[in-house]
Amino acid sequence: MRREGYLIEEIVEPSNMEAAFRQVLRGTKRKRSRQGRIMLAHKEEVLEELSARISDGTFRVKDYHEKAIMEGGKLRRIQVLSLKDRIAVHAIMSVVDEHLKKRFIRTTSASIKHRGMHDLLAYIRDDMKKDPEGTRYCYKFDISKFYESVRQDFVMYCVNRIFKDKKLIAMLDGFVRMMPEGISIGLRSSQGLGNLLLSVFLDHYLKDKCGIRHFYRYCDDGVVLGKTKAELWKIRDVIHGRINSIGLTVKPNERLFPVDEGIDFLGYVIRPDYVRLRKRIKQRFARRIHEVKSRKRRRELVVSFYGMAKHADCNMLFKKLTGKEMKSFKDLNVAYKPEDGKKRFPGTVVSIRELVNLPIIVKDFEMGIKTEQGEDRCIVAIEQNGEPKKFFTNSEEMKNILRQIEEIPDGFPFETTIRTETFGKGRTKYVFS
């Protein structure tokens, strides 16, 4: 695949810089901090300065401080940048990650937009259901101290394979080499570039060269499903060879076992016919919900636990720990009610010109819509070939007809075809027929 260029222009787009500013300055705590108040008071100057430094390729990460946090029962030291530097890094990586995403195999997850643990869990469950014979055994592995052990030169080799813009490469090089060794755990770029490293040296090799069908990776944890143990032992040796070739090692706790024992992955224990939550997650929630006194905090914990439990077969567990029935959203019969009272229609907006002489079904309409073309427009919800769509019109004739049909019992939906008619001095209008 060819190398990517002209990303600097996308990065310094005002909309992208504005989105990065909002994302970094989210939350009351950050806004009220000393740095946050300065950023908000001088927003235009900050964005202008950062855009200029990114455009000429001179932006570099400056000072940082380290902070110790507990994550998954482990004590980690993360590097924390100033808010200004974080805005620039976020703006750069928002664009870079979009271009990297299409390079990743579909069954890799973590820090990839719209691809979280539940997306990967659904893929594993679906594959086990469709191919029970080919997913009888599992090889599970974890890379030892991934971020701390990554070789920076290998990451930059991958970056140079993907991008050709020298200014962008120089800035990414600054992100990668911020630490004396490894890559920073706290830097926004580390997840995407870490994924890129494993994508180039592991994912595509296993998929494209070895033809492995059932391979799944979440950050530095991996799972391979296969038909026999012998097949997985060979794959295990290949994985070790690829990971060792970039200066990394697999943890000794790797396992090869029948899937009936349950695959402890993504916070769940996955079996062919059902899924349970990981024991540690259940225990941690039970302790917290027992200790907490605040009603607000209790509600937050229950919602968080529900977000995990709803993807597993845990209805009875959820009721036992929370005292609540787990309900489906569909059972609640709740719909969005806009404050302005206007209707919201699904589907893509199309030009009325694209619908001329084509059969459509008109389902509903809403008057008084303000658009770039003017006020008091009408939006019409339609269905074409089973697909929901909508179009805007300012035709008084169409508006009048729609109002009349609204008064007719069971007037909507109705089938029609939009025609064009010429009037006046070569003017065209659109009408229902």
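The present account deals with the structure reproduced in this document.

A few words now on the packing of aromatic side chains. To describe a pair of aromatic rings, you give the distance between the ring centres and the angle between the ring planes. Enumeration according to the criterion identifies 11 aromatic pairs in this entry. Between the aromatic rings of Tyr 139 and Phe 141, the centroid separation amounts to 5.6 Å while the plane-to-plane angle is 20°, which identifies the pairing as stacked. Take Tyr 139 and Phe 141: they sit in the same class, and that class is buried. Here Tyr 157 and Phe 201 contribute two aromatic rings whose centre-to-centre distance is 5.9 Å and whose plane-to-plane angle is 45°, an arrangement assigned as tilted. A residue pair is termed long-range when its members are at least 10 positions apart, and Tyr 157 in helix H9 (residues 152-162) and Phe 201 in helix H11 (residues 188-209) qualify at 44 residues. A relative accessible area of 42% means that Tyr 157 is categorised as partly exposed. Put simply, the rings of Phe 285, Phe 305, Tyr 306 and Phe 318 touch in pairs and so form one group of aromatic residues.

In this section: the side chain of Thr 393. As for its position among the elements, Thr 393 is in strand E14 (residues 387-393). For Thr 393, a relative accessible area of 7% puts it in the buried group. Contacts of Thr 393, omitting those with residues within four sequence positions, involve Arg 377, Cys 378, Val 380, Met 398 and Lys 399.

Okay, helix H12 (residues 229-245) next. End to end, H12 covers 24 Å across 17 residues, agreeing with the expected 24 Å (1.5 Å per residue, within 8%). Buried within H12 we find Leu 232, Ile 235, Ile 239, His 240 and Ile 243. In an axial view of H12, the angular spread of the buried residues amounts to 145°, which keeps them on one side of the axis. Residues of H12 that are buried sit in contact with strand E4 (137-142), H11, strand E6 (221-226) and strand E7 (255-258). Once H12 finishes, Gly 247 follows within two positions and takes phi at roughly 80°, a positive value.

Analysis parameters
- Here, residues in each chain are numbered from 1, in the same order as that chain's written sequence.
- The predicted nature of this model means local features are confined to residues of pLDDT at least 70 and side-chain atom pairs, given and counted, to a pLDDT of 80 or more, with totals for whole chains, interfaces and linings taken over all residues.
- Water and hydrogen atoms were dropped before computing side-chain values, which therefore reflect all heavy atoms in the structure.
- Put simply, two rings from Phe, Tyr or Trp (the six-membered ring, in Trp's case) pair if the centres are within 6.5 Å, and we call them stacked under 30 degrees between planes, edge-to-face over 60, tilted for the rest.
- Burial classification: accessible surface area is computed with a 1.4 Å probe over protein chains only, and a residue below 20% of its type maximum counts as buried, one above 50% as exposed, and the rest as partly exposed.
- Counting from the N terminus, the helices are the DSSP runs of H or I reaching at least four residues and the strands are the DSSP runs of E reaching at least two.
- Residue contacts are counted whenever heavy atoms from the two residues lie within 4.5 Å of one another.
- To estimate the expected span of a helix, subtract one from its residue number and multiply by 1.5 Å.
- For this quantity, the arc is that covered by the directions from the helix axis to the C-beta atoms.

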